Amino acid sequence: MSATQKKMKERIGNKIDPKIVRVSIEIPEQLRDDFRDAVERNGKSMNDVLKLYMQKYTWKQSELQRNRQKRRQSIGIKSCWNKESED
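Residues numbered from 1 in each chain as written. Predicted model: local features only at pLDDT ≥ 70, side-chain atom pairs only at ≥ 80, totals over all residues. Heavy atoms only, no water.

Asker: Where do I start with the overall build of the chain in this structure?
Answerer: Looking only at helices and strands, the chain features 3 helices and 0 strands. Listed N to C, the secondary structure of the chain is α-α-α in terms of helices and strands. The proportion of buried residues among the 87 residues of the chain is 3%. Element-wise, carbon and sulfur atoms account for 53% of the exposed surface of the chain, whose accessible area totals about 8,500 Å². (Helix = DSSP H or I, 4+ residues; strand = E, 2+ residues; numbered from the N terminus. Buried < 20%, exposed > 50% of the residue type's maximum accessible area, 1.4 Å probe, protein only. Areas by Shrake-Rupley, 256 points an atom, 1.4 Å probe, with all protein chains shown as cover.)

This is the structure:
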């Protein structure tokens, strides 16, 4: 389990209120304006959309990591079985 996953479980399990931080990124002004217009047309805020995206991205990356670990384990098990059958 990654450090991020452990922190998320602790927050969920202990219901800790997360500390709020400010994130600053440099993007072209036109991209920012287009993004703002798009989220406002859908009745949302840039802040809400970006928070949700970060949560989904973090979850997806942890899922991919978990799947890679499972795949490595199954390959390791299969290679052990192949070695036994060769003997």
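Moving on, there is more to tell.
Asker: Would you mind going over the side chain of Ser62 with me for this structure?
Answerer: Its place among the elements puts Ser62 in helix α3 (residues 46-86). For Ser62, a relative accessible area of 14% corresponds to the buried category.

Asker: Explain the pattern of salt bridges to me, please; I cannot follow it from the model alone.
Answerer: Any two side chains of opposite charge can pair, so long as their charged atoms come close to each other. Following the criterion strictly, the structure yields 4 salt bridges and no others. Between Asp33 and Arg32 there is a salt bridge, with the nearest N and O atoms lying 2.9 Å from each other. Judged by its relative accessible area of 22%, Asp33 is partly exposed. Of the charged contacts, one joins Glu63 and Arg66 as a salt bridge, the two residues approaching to 2.2 Å between their closest N and O atoms. Taken together, the residues span about one helical turn, with Glu63 and Arg66 both in helix α3 at a distance of 3 residues. The class for Arg66 is partly exposed, based on a relative accessible area of 33%. (Salt bridge = Lys/Arg side-chain N within 4 Å of Asp/Glu carboxyl O.)

Asker: Even after reading the chapter, I still don't get the environment of Asp33, so can you show me in this structure?
Answerer: Topologically, Asp33 is positioned in helix α2 (residues 29-41). A polar atom in the side chain of Asp33 sits 2.9 Å from the side chain of Arg32. (Polar contact = N/O pair within 3.5 Å; in protein donor to acceptor, adjacent residues only side chain to side chain.)

Asker: What should I look at first to understand a nonpolar patch on the surface in this one?
Answerer: A contiguous nonpolar patch, built from Val21, Val23, Ile25, Ile27, Leu31, Leu50, Tyr53, Met54 and Tyr57 and spanning about 920 Å² of accessible area, is present on the exposed surface. With 4 residues, α3 is the single largest residue contributor to the nonpolar patch. Counting through the fold element by element, Ile25 comes out in the loop between α1 (3-14) and α2. On the accessibility criterion, Ile25 (59% relative accessible area) is exposed. (Patch = residues over 30% accessible without salt bridge, like charges linked within 9 Å, V, L, I, M, F, W, Y side chains within 5 Å.)

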